[in-house]
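The residues making up each chain are set out below.
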Amino acid sequence: MFVHVVNFWLKKGLSEEEIQQFEAGVLSLGKVETVKDFNVGKPANTDRPVIDRSYDYCLLTTFGDEAGHDYYQTAPIHLEFIKNCAQYWDRVLIYDSESI
């Protein structure tokens, strides 16, 4: 399995409408046909020294293999999300991993 985790830090001062546009865009990514598991969330209310809660949204997707992930990167839905929503974030941090 190939796991793709993306943390987003949104720009400060976005309007509620802009946040809703971001949320709609990121949720659309679950429609890419190679996605096996899909989740979008906000930081949980856990509080331990090892937890980073500085991000605004976390996207978790899994794929059957790296080829599925590679397709996702060039899928029209993904490219449209970047085109329409990149203006809303200041920072993105990605973690990709493969099951052992």
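Up top is the structure.
Let us look at the structure shown here.

What counts and what doesn't
- Residues numbered from 1 in each chain as written.
- Predicted model: local features only at pLDDT ≥ 70, side-chain atom pairs only at ≥ 80, totals over all residues.
- Heavy atoms only, no water.
- Helix = DSSP H or I, 4+ residues; strand = E, 2+ residues; numbered from the N terminus.
- Expected span 1.5 Å × (residues − 1).
- Buried < 20%, exposed > 50% of the residue type's maximum accessible area, 1.4 Å probe, protein only.
- Arc of directions from axis to C-beta.
- Core = buried A, V, L, I, M, F, W, Y, C linked by side-chain atoms within 4.5 Å.
- Contact = heavy atoms within 4.5 Å.

### Points about helix H1 (residues 16-28)
Counted at 1.5 Å a residue, the expected span for H1 with its 13 residues is 18 Å, and the 18 Å between its end C-alpha atoms agrees. Where H1 is concerned, the buried positions are Phe22, Gly25, Val26 and Ser28. Burial along H1 is one-sided: seen end-on, the buried residues are contained in an arc of 155°. Away from its buried face, by an angle of more than 90 degrees, H1 presents the exposed residues Glu16 and Glu17.

### Some points on the nonpolar core
Core analysis: the largest hydrophobic core is formed by 19 residues, its most contacted members being Phe8, Phe22 and Phe81. For this core, the elements supplying multiple residues, two or more each, are strand E1 (2-10), H1, strand E3 (57-63) and helix H3 (76-85). It is E1 that provides the largest number of residues to this core, a total of 4 residues. In contact with Phe22, other than residues within four places in its own chain, are Phe8, Leu10, Tyr57, Phe81, Cys85, Tyr88 and Trp89.

On their own, these measurements won't tell you what the molecule is for.
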